[in-house]
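Here's the letter readout for the chains.
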Amino acid sequence: MEALRCGFAIVAPASRGLGFAFAQQLLAHTSLPIVATARTNCDQVRCRLLESVKAEHFNAERRLRVFKVDVTDESTISEMTSATREMYPETLLRLAITVPGILHVEKSPSQIDAEYSLRSFQVNALGPMLLMKHLSSFLPTASSPPFQDSEEVSGQDSSQWRLPESHAIYAMMAARVGSVSDNTSGGWYSYRASKASVFQLAKTFDLYLQSQSRERAMAVAMHPGTVHTDFTKDYWDGRSMLQPEESATLLLKLLCSMGTGPKEGRGRCWDWNGKEVMP
């Protein structure tokens, strides 16, 4: 009954870096059931997440599920959503954060490799699209009741952010280098092109949600900044970077303060400072 009222959250993937930080924050500061995904070592990921918070905190151990998902294999996404539906048959998705991404850098056209480029599009573009396909049915519609948190959770600080009770949020990870208008240096062909698609996905999906939910759900894209993770390890030297927990907290704070009106930010891309990243 509690899950039915408060909804559930999903972070895909949550095995490391920014995705891990998002799942950690949600475990520590909400009472939501958390569905997390990893390509491998699901038990290890679950143990690390629980070790990162107090296991008894809002019954974290009971609330966390980790499923094996490879976003390049649609059958694994389908299996995860079917299992989630079975666990929470009448519970709505309150927050989705999808962060699949790989980085292959080409500095000149001669370095473009068909196999690597295809992999970039499979993970960075098609992966978020397939997650969106299978998760969209969990989002509220115009007739869905509002979410309702327990009194215990509603009285806490939540590290300066609290999920809205009026609507669901579907967030997908873009990147500033996917912006055409911001591209002043070139290079990074497959990564730029595949991440540019996320801007379009967020806008297109949000238009669909507007028609279906009448402000009960919204979609946005996010740019997390340059985050100190294995993903950026080739660029650590001489750069000012955010820690994963810092970026995740700032983005959650931004998402939770954003309304669903057409002029309030939905369907667009926002960075960790709350500044819009133009397509």
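Residue numbers run consecutively from 1 along every chain, following the written order of its sequence. In keeping with the predicted nature of the model, local features appear solely for residues at pLDDT of at least 70, side-chain atom pairs appear and are counted solely at 80 or more, and the whole-chain, interface and lining totals rest on all residues. The side-chain figures draw on all heavy atoms in the structure; neither hydrogens nor water molecules are used.

The chain is annotated in an unreviewed UniProt entry as Short-chain dehydrogenase/reductase from Aspergillus calidoustus. UniProt positions are given in the numbering used here, feature names are shortened, and annotations may be inferred rather than shown by experiment. The chain has a UniProt comment under Sequence similarities (unreviewed entry) that states "Belongs to the short-chain dehydrogenases/reductases (SDR) family."

1. Brief notes about the pairing of strand E5 (residues 168–173)
Buried residues are those whose accessible area, probed at 1.4 Å on protein chains only, stays under 20% of the maximum for their type, while exposed residues exceed 50% and partly exposed ones sit between those limits. Only DSSP runs of H or I reaching four residues or more are called helices, and only runs of E reaching two or more are called strands; each is numbered from the N terminus. For E5, the tally of buried residues reaches six of six residues, placing the bulk of the element in the interior. Covered by surrounding structure in E5 are Ala 168, Tyr 170 and Met 172 together with Ile 169, Ala 171 and Met 173, the residues of both alternating faces. Across four bridges, strand E4 (residues 93–98) lies against E5 in parallel orientation. Within E5, the position partnered with Ala 96 by the bridge is Tyr 170. Here E5 runs beside strand E6 (residues 217–223); their pairing, made up of six bridges, is parallel. Any two strands with at least two DSSP bridges between them are considered paired.

2. Details of helix H2 (residues 17–29)
Take the number of residues in a helix, subtract one, and multiply by 1.5 Å to get its expected span. Taking 1.5 Å as the rise per residue, H2 with 13 residues should run 18 Å; its terminal C-alpha atoms sit 18 Å apart, in good agreement. Among the 13 residues that make up H2, 12 are buried, leaving the element largely enclosed by the rest of the structure. If you check which residues of H2 are buried, you get Leu 18, Gly 19, Phe 20, Ala 21, Phe 22, Ala 23, Gln 24, Gln 25, Leu 26, Leu 27, Ala 28 and His 29.

3. Structural notes on unusual backbone geometry
A cis amide bond, omega -10 degrees, links Ala 12 with the succeeding residue Pro 13. The topology assignment puts Pro 13 in the loop between strand E1 (8–12) and H2. Of note, the phi angle at Arg 214 is positive, near 50 degrees, even though the residue is not glycine. Here Arg 214 falls in the exposed class, since its relative accessible area comes to 67%.

4. Details of the side chain of Thr 37
As for its placement among the helices and strands, Thr 37 is situated in strand E2 (residues 34–38). Here a residue-residue contact requires only that any non-hydrogen atoms of the pair lie within 4.5 Å. Not counting residues up to four positions away in its chain, the partners in contact with Thr 37 are Val 11, Ala 12, Pro 13, Ala 14, Ser 15, Val 66, Phe 67, Val 69 and Met 80.

5. A closer look at the sheet that holds E2
Spatial ordering of the open sheet is given by E3-E2-E1-E4-E5-E6-E7, a layout of seven strands whose pairing is parallel. Lying at the two open borders of the sheet, with one neighbouring strand each, are strand E3 (64–68) and strand E7 (269–271). This sheet shows a mean twist of 20 degrees between the axes of neighbouring strands, independent of strand direction. Axes here mean lines fitted to C-alpha atoms, for a helix over just the part in contact, with angles spanning 0 to 180 degrees between N-to-C directions. Across the sheet, helix H5 (residues 74–87) is in contact with E1, E2 and E3; its angle to E3 comes to roughly 155 degrees. Running at roughly 165 degrees to E5, helix H6 (residues 114–135) makes contact with E1, E4 and E5 of the sheet.

6. Details of the pattern of salt bridges
For salt bridges, the criterion is a side-chain nitrogen of Lys or Arg within 4 Å of an Asp or Glu carboxyl oxygen. Under the defined criterion, the tally for this structure stands at six salt bridges. Here Glu 276 and Arg 268 are joined by a salt bridge, their closest N and O atoms 3.2 Å apart. On the basis of relative accessibility, which here comes to 29%, the residue Glu 276 falls in the partly exposed class. With relative accessibility at 27%, the residue Arg 268 sits in the partly exposed group.

7. Structural notes on the packing of aromatic side chains
The criterion for an aromatic pair is that two Phe, Tyr or Trp rings (for Trp, the six-membered ring) have centres within 6.5 Å, with stacked assigned to planes under 30 degrees apart, edge-to-face to planes over 60 apart and tilted to the rest. This structure, assessed with the given rule, holds five aromatic pairs. Their ring planes at 25 degrees and their centres at 5.7 Å tell us that Phe 8 and Tyr 88 sit as a pair that is stacked. With Phe 8 in strand E1 and Tyr 88 in the loop between H5 and E4, this residue pair connects regions lying 80 residues apart in the sequence. The pair Phe 8 / Tyr 88 is uniform in exposure class, with both members buried. A connected cluster of aromatic rings, assembled from ring pairs, spans Phe 8, Tyr 88 and Phe 138. Between the NZ or CZ atom of Arg 85 and the centre of the ring of Phe 138, over which it lies, the distance is 3.9 Å. Should the NZ of a Lys or the CZ of an Arg lie within 6 Å of a ring centre and within 35 degrees of the ring normal, that charge is described as sitting over the ring.

8. Points about the environment of Pro 279
Counting through the fold element by element, Pro 279 comes out in the segment after E7. The exposure class assigned to Pro 279 is exposed, which follows from its relative accessible area of 56%. Along the primary structure Pro 279 and Gly 178 are separated by 101 residues, whereas in three dimensions their C-alpha atoms are 7.6 Å apart. For Pro 279, the residues in contact, after removing those within four places along its chain, are Ser 179, Val 180, Ser 181 and Phe 199.

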